[in-house]
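Remarks on the overall topology
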Amino acid sequence: AQSVTQPDIHITVSEGASLELRCNYSYGATPYLFWYVQSPGQGLQLLLKYFSGDTLVQGIKGFEAEFKRSQSSFNLRKPSVHWSDAAEYFCAQLTGGGNKLTFGTGTQLKVEL
Amino acid sequence: EAGVVQSPRYKIIEKKQPVAFWCNPISGHNTLYWYRQNLGQGPELLIRYENEEAVDDSQLPKDRFSAERLKGVDSTLKIQPAELGDSAVYLCASSALAGVGEQYFGPGTRLTVT
């Protein structure tokens, strides 16, 4: 079955520290991959996406993600976390012939001041 | 430009009661999605519309769920009758293009069935 795995349910980092959120996908030779952020009571906001080309993708709010085909991974990174980054982060992949987003279970990020 | 609008934001009902959620997508977006997000999970697609046509409703529990998108603009998702297990956040999203087009999400409707 097509699936997206986010191994870490919760992550806590100190403000100013670096961040890496893990994501593994299981479908497709040419995956279309996304990272979304969801703040409490808010809808999901797209941080970045990967379709092809450069495997290091830059997104909004200082986030980046690296696509590694050999590891079936698309990990999200940020060099220095701000308290406002506390939220839930979802990795997603286009499946179903390119018409359906399949989401991971999410990683809840807590930022300690 | 206004984003995806959903109402109500919160709804509490007793089991076996009907409930309806409304979504108004971003102007000009032909593709509309309804997702359900259970607590601690990622969103799962219920139904996708291209204009007024439901092109993927394979994950919609058709015995109690129904949806419509008259005139290809706003949409309504209905549950009748609601069950305890329907408690979740119901998200609406829209995109200008199907497939690789970016999906823009509304804030969702949090449903609690007691």
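Residues numbered from 1 in each chain as written. Chains lettered and ligands numbered in written order. Predicted model: local features only at pLDDT ≥ 70, side-chain atom pairs only at ≥ 80, totals over all residues. Heavy atoms only, no water.

1. Thoughts on the confidence of the model for chain A
Regions with low pLDDT carry predicted coordinates that are not meant to be interpreted in detail. Looking at chain A as a whole, its pLDDT mean stands at 92, while 96% of the residues score no less than 70. Ranking the elements of chain A by mean pLDDT puts strand β11 (residues 100-103) of chain A last with 90 and strand β3 (residues 19-21) of chain A first with 98. (pLDDT = per-residue confidence, 0-100. Helix = DSSP H or I, 4+ residues; strand = E, 2+ residues; numbered from the N terminus.)

2. Things to note about the layout of surface pockets
Its boundaries defined by the atoms lining it, the largest pocket holds a volume of some 500 Å³. Considering each element in turn, the lining of the largest pocket owes the most residues, four residues, to strand β11 (residues 109-113) of chain B. Among the residues making up the lining of the largest pocket, the classes are represented as nine nonpolar, 15 polar and three charged. Of the volumes computed, that of the second largest pocket is approximately 340 Å³. Lining the second largest pocket are 18 residues, and of these A:Thr102, B:Gly42, B:Pro43, B:Glu44 and B:Leu45 sit closest to its centre. Within the residue set of the lining of the second largest pocket, elements represented by two or more residues are β11 of chain A together with β5 (44-50) of chain B. No other element matches the four residues that β11(A) contributes to the lining of the second largest pocket. Here the lining of the second largest pocket is composed, by residue class, of six nonpolar, nine polar and three charged. (1 Å grid on protein atoms, 1.4 Å probe; cavity = no way out; pocket = protein on both sides within 12 Å on 5 of 7 lines; lining within 4 Å. Points joined across faces, edges and corners; volume = space filled by probe spheres on them. Nonpolar A, V, L, I, M, F, W, Y, C, P; charged D, E, K, R; others polar.)

3. As for the interface of chain B and chain A
Contacts between the two partners involve 20 residues from chain B, matched on the other side by 18 residues from chain A. The tally of links from chain B across to chain A stands at zero salt bridges. Taken together, the links from chain B to chain A amount to one residue pair in polar contact (both at pLDDT 80 or more). Among the elements of the structure, β4 (31-37) and β5 of chain B are those that each provide at least two residues to the side of chain B that touches chain A. Top element by residues in the side of chain B that touches chain A is β4(B). It accounts for three residues. In terms of residue class, the side of chain B that touches chain A is built from nine nonpolar, eight polar and three charged. (Contact = heavy atoms within 4.5 Å. Salt bridge = Lys/Arg side-chain N within 4 Å of Asp/Glu carboxyl O. Polar contact = N/O pair within 3.5 Å; in protein donor to acceptor, adjacent residues only side chain to side chain.)

4. A short note on the side chain of A:Glu88
For A:Glu88, the location among the structural elements is in strand β10 (residues 87-95). The charged side chain of A:Glu88 is buried without a salt bridge, its nearest counter-charge being B:Arg110 at 8.6 Å. With residues near it in sequence (within four places) discarded, A:Glu88 still touches A:Tyr36, A:Val37, A:Gln38, A:Thr105, A:Gly106, A:Thr107 and A:Gln108. (Buried < 20%, exposed > 50% of the residue type's maximum accessible area, 1.4 Å probe, protein only. Lys, Arg positive; Asp, Glu negative; His and termini not counted.)

5. Side note on the pattern of salt bridges
All names here are of chain B. This model, assessed by the stated rule, comprises nine salt bridges over all chains. Here Lys-62 makes a salt bridge to Asp-57, at a shortest N to O gap of 3.8 Å. The exposure class of Asp-57 is partly exposed, given its relative accessible area of 28%. Sharing partners across several salt bridges, the network here consists of Arg-36, Arg-64, Glu-83 and Asp-86.

6. Some thoughts on the pairing of strand β9 (residues 73-78) of chain A
Residue and element names in this part refer to chain A. Most of β9 is tucked away, with five of its six residues classed as buried. Relative to β9, β3 runs antiparallel, the two sharing three bridges. Counted as the bridge partner of Leu-19 is Lys-78 from β9. Where strand β8 (residues 64-68) meets β9, five bridges bridge the pair, whose relative direction is antiparallel. Bridge pairing links Lys-68 to Ser-73 in β9. The antiparallel pairing of β8 with β9 creates a hairpin that spans four residues between the two strands, and Ser-72 there sits at a positive phi of about 50 degrees. (Pairing = 2+ DSSP bridges.)

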